[in-house]
Amino acid sequence: MPAPLLTLLVYVTVALTWSGSWITGKLGVALVPPLELGAVRFAIAGLLMLALARVNLSPLGVSKLPLIVLAVAFGLSGYNALVFFRAPLP
């Protein structure tokens, strides 16, 4: 496959995935609690990244696992606090 075509396909895939996640989030938050929805989305993204790392034979960085778990905890709670939860209007 020519490099320009592959580049175009990658860009289109990223754009559709990124825009689709916002639509999914807005629709899903009406059915599922925001924290649970964020956790599921984060888990799916993590599994996809793990699959890509295995395909590319990249090291997983298991020695930094405690830092990764800490980043997950703060990232997930911070994301949900800023995106899904709203302050009550006066």
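Bear in mind that the values here come from a model prediction, so they are computed numbers and not experimental data.

(A) The arrangement of the overall build of the protein chain in detail. Each helix and strand in the protein chain was counted, giving 3 helices and 0 strands. Tracing the protein chain from N to C terminus, the helices and strands come up as α-α-α. Taken over the C-alpha trace, the protein chain has a radius of gyration of 17 Å; the compact-globule value for 90 residues is 12 Å, which it surpasses by more than 25%. Here the C-alpha coordinates of the protein chain stretch approximately 55 × 35 × 20 Å along the principal axes. When the 90 residues of the protein chain are sorted by exposure, 10% land in the buried category.

(B) Fine view of the environment of glycine 28. Take glycine 28: it is sitting in helix 1 (residues 3–28). Of the residues examined, glycine 28 reaches a relative accessible area of 14% and is grouped as buried.

(C) Fine view of the confidence of the model for the protein chain. Put simply, the protein chain has an average pLDDT of 82, and 91% of its residues get 70 or more. Ranking the helices and strands of the protein chain by mean pLDDT puts helix 1 first, with 86, and helix 3 (residues 65–83) last, with 80.

(D) Inspection of a nonpolar patch on the surface at higher detail. Taken together, Met1, Leu5, Leu6, Leu8, Leu9, Val10, Val12, Val14, Leu16, Trp18 and Trp22 make up a surface patch of nonpolar side chains, about 1100 Å² in accessible area. Along the chain, tryptophan 18 turns up in helix 1. Judged by relative accessible area, which is 61%, tryptophan 18 ranks as exposed.

Rules used throughout
Residues numbered from 1 in each chain as written. Predicted model: local features only at pLDDT ≥ 70, side-chain atom pairs only at ≥ 80, totals over all residues. Heavy atoms only, no water. Helix = DSSP H or I, 4+ residues; strand = E, 2+ residues; numbered from the N terminus. Rg over C-alpha atoms; globule rule 2.2 N^0.38 Å. Buried < 20%, exposed > 50% of the residue type's maximum accessible area, 1.4 Å probe, protein only. pLDDT = per-residue confidence, 0-100. Patch = residues over 30% accessible without salt bridge, like charges linked within 9 Å, V, L, I, M, F, W, Y side chains within 5 Å. Areas by Shrake-Rupley, 256 points an atom, 1.4 Å probe, with all protein chains shown as cover. Salt bridge = Lys/Arg side-chain N within 4 Å of Asp/Glu carboxyl O.

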